[in-house]
Amino acid sequence: MKRNLIIVVLIVLAAVGGYFYFSNERSPFLRDTSVYKAVPVSSPFFFELSSIRSIPFGDPFIREMENAGIGKNWFEFLHKADSLIDVTEELPRSLRNSSFLLAYGIAGRNELIPLLATQAESHSRRNALGKFLKTVYPPGKYNYDERDYGKYKIQEISGENNQDILFFSYAEDLLLVSPRVIIIEQVIRQFSVHGIENNPYFLDVNKTAGTQGVSLYINHKWINSLFAEILNRTAIQKVDEFGATSRIQYSSKAEKFRDFAEWSELDFRFNNGQLLLNGVSAVDDSLNHFLTVFDKQQPVRYRAGEILPQNTSFYCSYSFSDKKLFFEKLEDFFMHSPAYYHREERMKRFDRGFRGSVRNAFQEMVNDEVIVATSTIPVDPSNKTTFFIIHTESRSGAEEQFQKLMSGYASRTETEMNKLYTDFEIDKDVRFRIYRFPYPSFPGLWMGSPFGIADARVAVFYDNYLVFSNSEQGLQEYLRNMVLGATLSGDNNYQRFIQSSSSRSNINVYADINRAFGLRNEILSPSFLEQIKEKEETIRRYGQVNWQVQHDKGIFFNSLAIQAHSAENEEAKTTWQSSVGSNVATKPLMVLNHTDKSNREIIFQDAQNNLQLVAGSGRVRWSVPISGSVLGEIYQIDYFKNGRLQYLFNTKDKLYLIDRNGNNVGNFPIALRSPATNGVSVFDYDNNRNYRYFVAGEDRKIYAYDYSGKIISGWSFGQTDFSVTTPVQHFRVAGKDYIVFNDKSRIYIQNRQGETRVPVSARFDFSKNPVKLSLEGTPKIVATDSGGKVHYIYFNGKTEEKKTARYSSNHFFTVDDLDGNGTPDFVFVDGNEVTVMDENGKKLFGKKLDNPVQHQPNVYTFSSKLKKVGVVDAVSNRIYLFAPDGKIHQGFPLQGNSEFSIGKLSDSSTGLNLVVGSEGGKLYNYTLN
């Protein structure tokens, strides 16, 4: 009954560990160390359980495993056993409280075989266990055979056709149970010699183990035998910088686990959907265990998440409080390792190439942390992007050291220095110098595994870090992510997950299983891949893993967190993602950049009331706090009439004018005469930049301001009947100007002086939607009432009602000629339903979204004959774009939770850009197909 690692770990963690979290019952557990003599000395790991009682089979974690077929036989057995104990009077209930060990012995070629051991010290105890076995395997249906093995007896339970089911034996006051007799025989033989119960390193970790629940013990001396079967034996050939061919074989790297420590112990507990394991490791400097490199180091705040991109799939961080001692111990570790002479030979070649000691130079650069990482693994893992990152003591000092090395190399190879770097531009304000590093294998040789995955071909200084990557393209993408704030720490899932871990460590290893899943074919053996093939979907649900080691007062503490129920979140396929700090609150607008007219910028207000201007590259140019929420649109005007543009908008109390650098213009902001009830409107009647600003106040007056913010004396309008909450609008029809606005029961159509130009006698209960101008057919104003009925208001004062369905008073409405047929189409959004109909009430399409829509729908023009409707489902973080026939635009829905803009961020763009806010304070730029 061979069990692979996935089955072993997931079954025990979920089925047994889960019980202790979800069960309300608790019982005392006194550890009986005599049972440890049953652990095979070659067992790579074993579990100790204080009891098994009722397993929570209804838990989603276990159900998911059962549905995937993981551990099916074990779960069937546990179901059956639990039911039998519950309904069989002859079986004592104390069996549910029995502690036991679940160990794994090795037979043949590293075949793992389970062994269960529990106390059977008394006649009554043996009798109860015997009754249990015979209840599970009734003698009438199963065959029982017995044979002698030394002074003990081994019994075999077999089924039809003498197929082996189970072997068990009562030996040394223990019950031993296994599907293979060879493991029971092995344990019986070792009773005559000392087992792990006398191992001092085992005893060190054992004394710290918890007395409740589940504990996992790892014997590092034998753990490599487990991973040797799981990891790929096929060697990958690689040519290094000196032309030598090396062979990378993942199975051979299993030996590294052997050198890590001697024994480790971890206690299980569940916490809000995470499985947490905590414990200690026992090490010995005389045995050259790797953990001793961190001896006498204090845990340090690691910053890997802050300096790695959001799409990181794996990272390993080493942090140290005393770098001199750390590197001394690291060199001592390698001195006693088999690869020492190869490492030294390579280091000397590096030194000759640089004309200086590369180790000394890098040790002087380092402050307290070194990191190795990979981004999302592509279909072909050989194309993965890797990073090697050093947190420098000071950037200026590190740059001086690094340039000294590169100058030495240039001199040694007679290469011009300017041939060893290129300059990379994010935008015209942000540039980086990327160096071509001549010795890509240095990180792995210097720091050892797992830093060998870093192929350091190019390097750049970013902030206080020296960053290496295996490709210039990968490093450029890294720099874009950093400039845009698209870091791993900014990822909501990572932030929620990492909260259960300490912010300080000496070793921190993180993996996102979904992003790293592409590595499976490279690192896992074909036989293991075949075993997990049908279980891949379930495995990927265990989204993130984080392992920490902390040294404190001579003890090495381990913490392991596994995201047990990770929602598989699809990553947005964006052109760029920018972290803007807080959710986008207004529609992000593409605006002109008067200093570079071929490229646009993006302006919006965030949920913290900051106005932000973002470059077309995604870099935040500035963020300015505003006194309140922006009402309505943000307009771009030429206040000084010199081609330099500014941004005009209002809050409830003020009218703002801000220039491209984020500074207030003139005497702005201006206090409004009355608190505003709508967003400002900007009119330029004659296109001569003599702007007029219109704002409605709580006093029911419509205020008209000139370009400088002064009240216009020639505007003579009095008061509306009720508050105006939608924008004042300017329509020019047949050469005449109309200033149009409405309150909840009346529409006002005025001239430029505020006098009534078109009297409208009809009254109805207006909806909250702005009125629209429709020039299809006879020019008219289109509005809906609170029930969704459409009203045409003509410029002769006459009105007409159009037949539509009934809608709630909270409906959204807009009108446009979507298909270019010369007649208006009506767009309604009510709750979660999107409906488009022609002006005669004929339904063109209807769609239901998952959640009620919170934003006004927008119409986007793709050609004179084609317009599309954009809708936002903010709760689901999804945006939709529908054609006039209801077909969704290719690639949609996309991720986003704000209204969005479609246009070109650059004249050189080959496609259209879509900019939208997304959850977690992100701004996304998509390129539309």
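Residues numbered from 1 in each chain as written. Predicted model: local features only at pLDDT ≥ 70, side-chain atom pairs only at ≥ 80, totals over all residues. Heavy atoms only, no water.

## Side note on the overall build of the protein
Each helix and strand counted, the protein has 20 helices and 55 strands in total. Within the span of the protein, comprising 929 residues, buried residues form 56% of the whole. Pairs at least 24 residues apart make up 58% of the contacts formed inside the protein by residues separated by at least 6 positions. Roughly 40,300 Å² of accessible area belongs to the protein as shown, and the carbon and sulfur atoms make up 47% of that amount. (Helix = DSSP H or I, 4+ residues; strand = E, 2+ residues; numbered from the N terminus. Buried < 20%, exposed > 50% of the residue type's maximum accessible area, 1.4 Å probe, protein only. Contact = heavy atoms within 4.5 Å. Areas by Shrake-Rupley, 256 points an atom, 1.4 Å probe, with all protein chains shown as cover.)

## A few points about the nonpolar core
Judged by nonpolar contacts, the single largest core of 52 residues is most densely connected at Y318, F362, F402, F437, W446, M447 and F468. Here the element with the most residues in this core is helix α13 (residues 395-413); it accounts for 6 residues. In this structure, F402 is in contact with M365, Y435, F437, A459, F461, L466 and F468, ignoring residues within four places of it in sequence. In this structure, V39, V181, I188 and I196 belong to the second largest nonpolar core, which totals 32 residues. (Core = buried A, V, L, I, M, F, W, Y, C linked by side-chain atoms within 4.5 Å.)

## Comments concerning the environment of F442
Tracing the sequence through the fold places F442 in helix α14 (residues 442-447). On a C-alpha basis, the gap between F442 and R343 in space is 9.8 Å, while along the polypeptide they are 99 residues apart. When sequence neighbours within four positions are dropped, the list of residues in contact with F442 reads E241, M347, F350, V358, F362 and F437.

## Re the sheet that holds strand β26 (residues 589-592)
One open sheet holds the 4 strands; their spatial order is β26-β27-β28-β29, and the pairing between them is antiparallel. The sheet terminates laterally at β26 and β29 (620-625), the two strands that pair on one side only. Within this sheet the neighbouring strands show an average axis-to-axis angle of 25°, counted without direction. The pairing of β26 with strand β27 (residues 600-605) spans 4 bridges and is classified as antiparallel. For L592, the partnering residue across the bridge sits in β27 and is R600. (Pairing = 2+ DSSP bridges. Axes fitted to C-alpha atoms, helices over the stretch in contact; angles between N-to-C directions.)

## Structural notes on the sheet that holds strand β53 (residues 901-903)
Taken in spatial order, the 4 strands make up an open sheet running β25-β55-β54-β53, and their pairing is antiparallel. Across the chains shown, the open sheet's two edge strands, defined by having one partner strand only, are β25 (576-579) and β53. Direction aside, the axes of adjacent strands within the sheet are offset by 20° on average.

## Overview of the packing of aromatic side chains
One pass over the structure, following the stated rule, counts 76 aromatic pairs. Each ring, one from F387 and one from Y478, has its centre 5.2 Å from the other, and the planes form 45°; the classification is tilted. Placement of F387 in strand β16 (residues 386-392) and of Y478 in helix α15 (residues 472-483) is noted, with a sequence separation of 91 residues between them. In this structure, F387 and Y478 share a single accessibility class: buried. Looking at R757, its charged tip hangs above the ring of Y738, at a distance of 5.6 Å from the centre. (Phe/Tyr/Trp six-rings, centres within 6.5 Å; stacked < 30°, edge-to-face > 60°. Lys NZ or Arg CZ within 6 Å of the ring centre and 35° of its normal.)

## Let's talk about the environment of P438
Looking at the element boundaries, P438 is found in the loop between β18 (430-436) and α14. Residue P438 is classed as buried on the basis of its relative accessible area, which comes to 13%. C-alpha separation for the pair P438 and E241, spaced 197 residues apart in sequence, amounts to 7.5 Å. For P438, the contacting residues outside a window of four places in its chain are E241, F354, M406 and Y409.

## Things to note about the side chain of N232
With respect to the element layout, N232 can be found in the loop between α7 (220-230) and β9 (236-239). Relative accessible area serves as the criterion here: at 9%, N232 is assigned to the buried category. Among the polar contacts listed, one links the side chain of N232 to the backbone nitrogen of T234, at a separation of 3.0 Å. When near neighbours in sequence (up to four residues on either side) are disregarded, N232 contacts Q249, Y250, S251, N521, E522, I523, L524, S525 and P526. (Polar contact = N/O pair within 3.5 Å; in protein donor to acceptor, adjacent residues only side chain to side chain.)

## A closer look at unusual backbone geometry
The phi torsion of most residues other than glycine is negative, and most of the peptide bonds are trans. For the bond running from S449 to P450, omega is 0°, close enough to zero to count as cis. Assignment of secondary structure puts P450 in the loop between α14 and β19 (458-462). Geometrically, the link from F668 to P669 is a cis peptide bond, its omega value of 5° lying close to zero. By secondary structure assignment, the location of P669 is in the loop between β32 (654-659) and β33 (670-671). The phi torsion at N609 lies on the positive side, around 70°, for a residue other than glycine. Following the sequence through the fold, N609 ends up in the loop between β27 and β28 (610-614).

## Focus: a positive patch on the surface
Together, K348, R352, R355 and R412 line one region of the surface with positive charge. If you trace the backbone, K348 turns up in helix α11 (residues 340-354). (Patch = residues over 30% accessible without salt bridge, like charges linked within 9 Å, V, L, I, M, F, W, Y side chains within 5 Å. Salt bridge = Lys/Arg side-chain N within 4 Å of Asp/Glu carboxyl O. Lys, Arg positive; Asp, Glu negative; His and termini not counted. Charge placed at Lys NZ, Arg CZ, Asp CG, Glu CD.)

## A word on the pairing of strand β5 (residues 152-158)
Counting buried positions over the 7 residues of β5 gives 5, a clear majority of the element. Bridge analysis of strand β4 (residues 143-149) against β5 gives 7 bridges, and the strand direction is antiparallel. What sits directly across from Y144, in β5, is I157. Linking β4 to β5, which pair antiparallel, is a turn of 2 residues; within it G150 sits at a positive phi near 65°.

## Some points on the pattern of salt bridges
Evaluation of the coordinates by the stated rule reveals 41 salt bridges. Here D512 and R515 are joined by a salt bridge, their closest N and O atoms 3.7 Å apart. Between R746 and D721 there is a salt bridge; the shortest N-O distance is 3.7 Å. With R746 in the loop between β38 (736-742) and β39 (747-750) and D721 in the loop between β36 (702-705) and β37 (729-733), this residue pair connects regions lying 25 residues apart in the sequence. Owing to a relative accessible area of 34%, D721 belongs among the partly exposed residues under this scheme. If you follow the salt bridges from partner to partner, you end up with D240, E345, R346 and R349 in one network.

## Some details on α11
Residues lying three or four places apart along an α-helix face the same way, a consequence of the helix completing one turn every 3.6 residues. For α11, with 15 residues, the first-to-last C-alpha span of 21 Å sits near the 21 Å given by 1.5 Å per residue. Contacts made by the buried residues of α11 are with α10 (323-335), α12 (358-365), α13 and α14. Where α11 ends, the next residue or the one after it, R355, has phi of about 60°, a positive value. (Expected span 1.5 Å × (residues − 1).)

## What about α12?
With 6 of 8 residues buried, α12 lies mostly within the body of the structure. Those residues of α12 not exposed but buried are V358, R359, A361, F362, Q363 and M365.

## Regarding the packing of α11 against α13
Between α11 and α13, the shortest axis-to-axis distance is 6 Å and the interhelical angle comes to 80°. Overall, the two elements α11 and α13 adopt an arrangement that is roughly perpendicular. Between α11, through R352, G353 and F354, and α13, the contact on the second element is made entirely by L405, M406, G408, Y409 and R412. Partitioned by chemical class, the residues of the contact of α11 with α13 number 4 nonpolar, 2 polar and 2 charged. (Parallel < 35°, antiparallel > 145°, perpendicular 65-115°, else oblique. Nonpolar A, V, L, I, M, F, W, Y, C, P; charged D, E, K, R; others polar.)

## Details of the side chain of D706
Tracing the backbone shows D706 in the loop between β36 and β37. The buried charged residue D706 lacks any salt bridge, with K710 as its nearest oppositely charged partner at 5.9 Å.

## Description of the pairing of strand β48 (residues 843-848)
Alignment of strand β47 (residues 833-838) against β48, held across 5 bridges, turns out to be antiparallel. Along β48, the bridge assignment pairs M837 with K843. The antiparallel pairing of β47 with β48 creates a hairpin that spans 4 residues between the two strands, and G841 there sits at a positive phi of about 90°.

## Notes on the environment of L484
Summarising the element assignment, L484 is placed in the loop between α15 and α16 (492-498). For the pair L484 and V614, spaced 130 residues apart in sequence, the C-alpha to C-alpha distance is 9.6 Å. With sequence-adjacent residues up to four places away left out, L484 is seen in contact with W576, Q577, S578, S579, S617, G618 and R619.

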